[in-house]
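An overview of the molecular structure
In case you want the letters, here they are:
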Amino acid sequence: MEPGTLDARLKQYNDITKENDQLYRGIAKKFGLSECAVWILYYLRAEYGEPMQSGICSSFHQPKQSINSALKKLEAEGYIALTTGGNRRKKEIVLTAEGRKLCGETVDYIIEAEKGALGVLTEKEQEDFMSLFEKYTGQFKLNMREIPERGGTIT
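Here goes a summary of the coordinates provided. (Residues numbered from 1 in each chain as written. Predicted model: local features only at pLDDT ≥ 70, side-chain atom pairs only at ≥ 80, totals over all residues. Heavy atoms only, no water.)

Counting its regular elements, the chain contains seven helices and two strands. Mapped in sequence order, the helices and strands of the chain form the string α-α-α-α-β-β-α-α-α. Taken over the C-alpha trace, the chain has a radius of gyration of 19 Å; the compact-globule value for 155 residues is 15 Å, which it surpasses by more than 25%. Out of the 155 residues belonging to the chain, those deemed buried represent 21%. When contacts within the chain are restricted to residue pairs at least 6 apart in sequence, long-range pairs at least 24 apart make up 47% of them. For the chain, the accessible area works out to roughly 11800 Å², and carbon and sulfur atoms hold 54% of it. (Helix = DSSP H or I, 4+ residues; strand = E, 2+ residues; numbered from the N terminus. Rg over C-alpha atoms; globule rule 2.2 N^0.38 Å. Buried < 20%, exposed > 50% of the residue type's maximum accessible area, 1.4 Å probe, protein only. Contact = heavy atoms within 4.5 Å. Areas by Shrake-Rupley, 256 points an atom, 1.4 Å probe, with all protein chains shown as cover.)

Within the largest apolar cluster, 26 residues are counted, with the highest numbers of intra-cluster contacts made by I40 and L41. Elements represented by at least two residues in this core include exactly α2 (35–46), α3 (53–60), α4 (64–76), β2 (92–95), α5 (97–105) and α6 (107–119). Considering every element that reaches this core, the biggest residue donor is α2, with nine residues. Residues within four places of L41 in sequence aside, it is in contact with L33, L74, L95, L102, C103 and V107. (Core = buried A, V, L, I, M, F, W, Y, C linked by side-chain atoms within 4.5 Å.)

Burial of the side chains of β2 is restricted to one face: I93 and L95 are buried, whereas none of E92 and V94 on the reverse face is. Sheet analysis places strand β1 (residues 80–83) next to β2, joined by four bridges and oriented antiparallel. Within β2, the residue paired with L82 across the bridge is I93. (Pairing = 2+ DSSP bridges.)

Its place among the elements puts T106 in the loop between α5 and α6. Take T106: its relative accessible area is 3%, and that puts it in the buried class. In contact with T106, not counting residues within four places along its chain, are F31 and L33.

Okay, the packing of aromatic side chains next. Summed over the entire model, instances satisfying the criterion amount to six aromatic pairs. On the basis of an interplanar angle of 40 degrees and a centroid distance of 4.9 Å, the ring pair of Y24 and W39 is categorised as tilted. Here W39 lies in helix α2 and Y24 lies in helix α1 (residues 5–31), a separation of 15 residues in the sequence. By relative accessible area, which is 16% here, W39 ends up buried. Judged by centre distance (6.1 Å) and plane angle (10 degrees), the ring pair of F129 and F133 falls under stacked. (Phe/Tyr/Trp six-rings, centres within 6.5 Å; stacked < 30°, edge-to-face > 60°.)

Within the secondary structure, M52 sits in the loop between α2 and α3. Taking relative accessible area as the criterion, M52 reaches 18% and is therefore assigned buried. M52 sits 41 residues away from I93 along the chain, and the two C-alpha atoms are 5.9 Å apart. Every residue in contact with M52, bar those within four places of it in the chain, is listed here: K90, K91, E92 and I93.

Once that is clear, we can look at the side chain of T17. Its location among the elements puts T17 in helix α1. We classify T17 as buried; its relative accessible area is 17%. One polar contact links the side chain of T17 to the main-chain carbonyl oxygen of N14, over a distance of 3.2 Å. (Polar contact = N/O pair within 3.5 Å; in protein donor to acceptor, adjacent residues only side chain to side chain.)

Here's what the structure looks like:
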């Protein structure tokens, strides 16, 4: 590989991922919602798993405090209901009728836009894209664990 090629690819990757992040931030702002609220509604609408706060935190890698604040706001606005089901420590999150309406006006568009973007790729391209991105992310995660605390140096 040519010197500088890896640096150029890293810049390209960062430019793309930051632009992608900005698309989500921009649409949340357009909808008048926090990014965290959008991800909660997205999670509930896409039915990724059990609608529990812990599931949302782990799926979207958001801090528990941010999720909790957004949940309280969504609940106060009547978009979700939190039920304990007998276990006070585990709260199930349920969309209300107003919440389902809000999803139809917001996150459903995001989901369709994402499906449309993936849909321009062939099935093989989709598989390759996901496989390569998972491989990159897995290695990046391993590399990040090896970074020393502040004050350490690269050897």
